[in-house]
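Residue strings, one per chain:
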Amino acid sequence: MNKAKLLEGFQKLGKVLMAPVLILPISGILVGIGSAFSNPNLIKLVPFLGSTFFVYLFQIIKAAGNVVNDHIPVIFAMAIAYGFAKSEKGTAALSGFLGYMTMNTVMGTFLTLGGTITPEELLTGQKSILGILTLDTGVFGGILIGLLVSYLHNKYYKIELPPVLSLFNGTRSIPAITIIASCFAGLAMSFIFPPIQSGLNLSSEFIVATGSFGAFLYGLLERLLLPFGLHHFIYLPFFFTSLGGVADIGGEVVEGAVNIYNAILNTPGAKFDISVSRFLMNGKVIFAMCGLPGAAFAIYKTALPQNRKKIASLMIAVVIPCALMGISEPLEYSFLFVAPALFGIHAIFSGLAYFITYIVQFNVVGSAAFGGPFMSLIFNGILGADKGSNWLWVFPLGVTYFLVYYFVFKFAIEKWNLKTPGREIELMVEDETVSSSENDFLSQLVEAVGGKDNIIKVDACFTRLRLTLENPDKVSEKSVFTTTLSANGVVNVTSGIQIIYGNKAAVYKTELREYLGME
């Protein structure tokens, strides 16, 4: 497999992995609300919150949020099976669930019979998963089963069996095949995963020992890999595995930064831990809410006078999701391709944000798993002040980051004459998608990628409209997408094209599929 195909495969896996991650914000918000309004200190200030009605209400809200938090691995298994399936995706998702349950049942039964698992005295890394005592393989187990099921599904969903077994032709065979294969996976994992657990625990100890430098490196690499669509592989292992830490919270051993932070939220008296918070993007609160808006202001101020009105509208549109939800890609892509040097500066500043927030013990996390920077600042920062959020640091750090980004970006743009948005000599083209109808926009988009017959598949990730094409050479120049079609940027890949539309990408995917008559 060549490098281009390998990169494309990782990008696709990253996109699929984001599906379960994007379920987490509502869960994080519910847990944050439930925990914040159950806080004993808040109840002392507002006594009516201690009434039976409100106690029950916020306990129910917190419990509803934990439905997702407590079952992340099985959600990964189903999402990956669904995402990679070529067709009949519903069967693939069901098989993902069956496969995950079968693997854990076989693994737990085998290890219990062998004496490795003692139900009365579970060790670290052993737990009850959906009522099954087994090894806690975390998201690794979910990803393994998801990939296994998607492989079996795509290979056998059209299978034709002998007449005596014809009842199981096609997709009806997939659940049965999955259960058989998952039995072997469970037995294999009984031997393979314990050493992996030990290795992850040692790695976690090493990472924690790196302190502030490790926080800087984490933030730097997470941003540097963004243009390649591989940044998910930096933070996801820390989110959901023991790389993100192992902690005893309220008498229960939990692993993974997301799980530990949630356990702290759920446990009265438990304090936030900066060794966990740094993996949940506490640095992003500073650079997404404050730094990048400073960069956007610099881009506006350096635009040509005749273009500033258009640039103001563009920057406002990309700053709002960046500051409120942490969706920074549309803003970053506005200068990434035209001025890569600025993105390099931004990546270094991002790493420094993680370094500084680690030093000052800033425990407000910016991950979408907790609603993004703004929601997290409210529910985990302000309302979680008694847990050691140290949220007041957002003011001095935020003001500093806004000014640093503004002056550095402004200096670099003018000094190096960078062609950031609005600095073109000619008047910028008005946004055709505003004045034209939906079908006009879609027809122009289809024409720009070589016509209907050239489009094999339409998909989308968080910010990119991903088109798989018969002949990628038929794609128009990038300027067609960034001007006439109002894209933030374009990435050409071996199998087609990825058009950056920010949070509109998912909507455009649906509209384009309907326009083309695809499933």
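Everything that follows concerns the structure shown earlier in this document.
Residues numbered from 1 in each chain as written. Predicted model: local features only at pLDDT ≥ 70, side-chain atom pairs only at ≥ 80, totals over all residues. Heavy atoms only, no water.

## Quick word on the packing of helix H15 (residues 329-336) against helix H16 (residues 340-359)
The interhelical angle for the contact between H15 and H16, taken along N-to-C directions, is 135°, at an axis separation of 7 Å. As judged from the angle between their axes, H15 and H16 are oblique. Of the residues in H16, those touching H15 at Glu332, Phe335 and Leu336 are Pro340, Leu342, Phe343 and His346. (Axes fitted to C-alpha atoms, helices over the stretch in contact; angles between N-to-C directions. Helix = DSSP H or I, 4+ residues; strand = E, 2+ residues; numbered from the N terminus. Parallel < 35°, antiparallel > 145°, perpendicular 65-115°, else oblique. Contact = heavy atoms within 4.5 Å.)

## Some thoughts on unusual backbone geometry
Glycine aside, the phi torsion of most residues is negative, and most peptide linkages are trans. Even without being glycine, Gln361 reaches a positive phi, approximately 60°. Position of Gln361 among the secondary structure elements: in the loop between H16 and helix H17 (372-382). Residue Gln361 is classed as partly exposed on the basis of its relative accessible area of 35%. Positive phi, normally seen in glycine, also occurs at Asn390, with a value near 55°. Position of Asn390 among the secondary structure elements: in the loop between H17 and helix H18 (394-415). For Asn390, a relative accessible area of 34% translates into the label partly exposed. (Buried < 20%, exposed > 50% of the residue type's maximum accessible area, 1.4 Å probe, protein only.)

## Here's the deal with helix H9 (residues 211-224)
With 14 residues, H9 should cover 20 Å at 1.5 Å per step; its first-to-last C-alpha distance of 20 Å lies within 8% of that length. Extensive coverage of H9 is indicated by the burial of ten of its 14 residues. Buried residues of H9: Gly211, Ser212, Gly214, Ala215, Phe216, Tyr218, Gly219, Leu220, Glu222 and Arg223, and no others. (Expected span 1.5 Å × (residues − 1).)

## What to know about the pattern of salt bridges
Throughout the structure, instances matching the rule amount to three salt bridges. Of the charged contacts, one joins Arg223 and Glu332 as a salt bridge, the two residues approaching to 2.6 Å between their closest N and O atoms. Of this pair, Arg223 sits in helix H9 while Glu332 sits in helix H15; the two residues are 109 residues apart in sequence, bridging distant segments of the chain. Of the two residues, Arg223 and Glu332, neither departs from the other in class, the shared state being buried. Residue Glu414 pairs with Lys410 through a salt bridge whose shortest N-O separation is 3.3 Å. Here Glu414 pairs with Lys410, and both are found in helix H18, just four residues apart, close to one helical turn. (Salt bridge = Lys/Arg side-chain N within 4 Å of Asp/Glu carboxyl O.)

## Regarding the pairing of strand S8 (residues 496-500)
Burial analysis of S8 places five of its five residues in the buried class, which makes it a mostly covered element. Two elements, strand S6 (residues 464-469) and S8, share five bridges in a ladder whose sense is antiparallel. When the bridges of S8 are listed, Thr468 appears paired with Gly496. As defined by bridge partners, strand S7 (residues 489-493) adjoins S8 across five bridges and the pair is classed as antiparallel. When the sheet's bridge partners are listed, Asn492 is paired in S8 with Ile497. Here S7 folds back onto S8, and the loop between the two strands holds two residues. (Pairing = 2+ DSSP bridges.)

## Notes on a positive patch on the surface
Together, Lys12, Lys86, Lys158 and Lys457 make up a region of like positive charge exposed at the surface. Look at Lys86 and you get exposed, because its relative accessible area is 62%. (Patch = residues over 30% accessible without salt bridge, like charges linked within 9 Å, V, L, I, M, F, W, Y side chains within 5 Å. Areas by Shrake-Rupley, 256 points an atom, 1.4 Å probe, with all protein chains shown as cover. Lys, Arg positive; Asp, Glu negative; His and termini not counted. Charge placed at Lys NZ, Arg CZ, Asp CG, Glu CD.)

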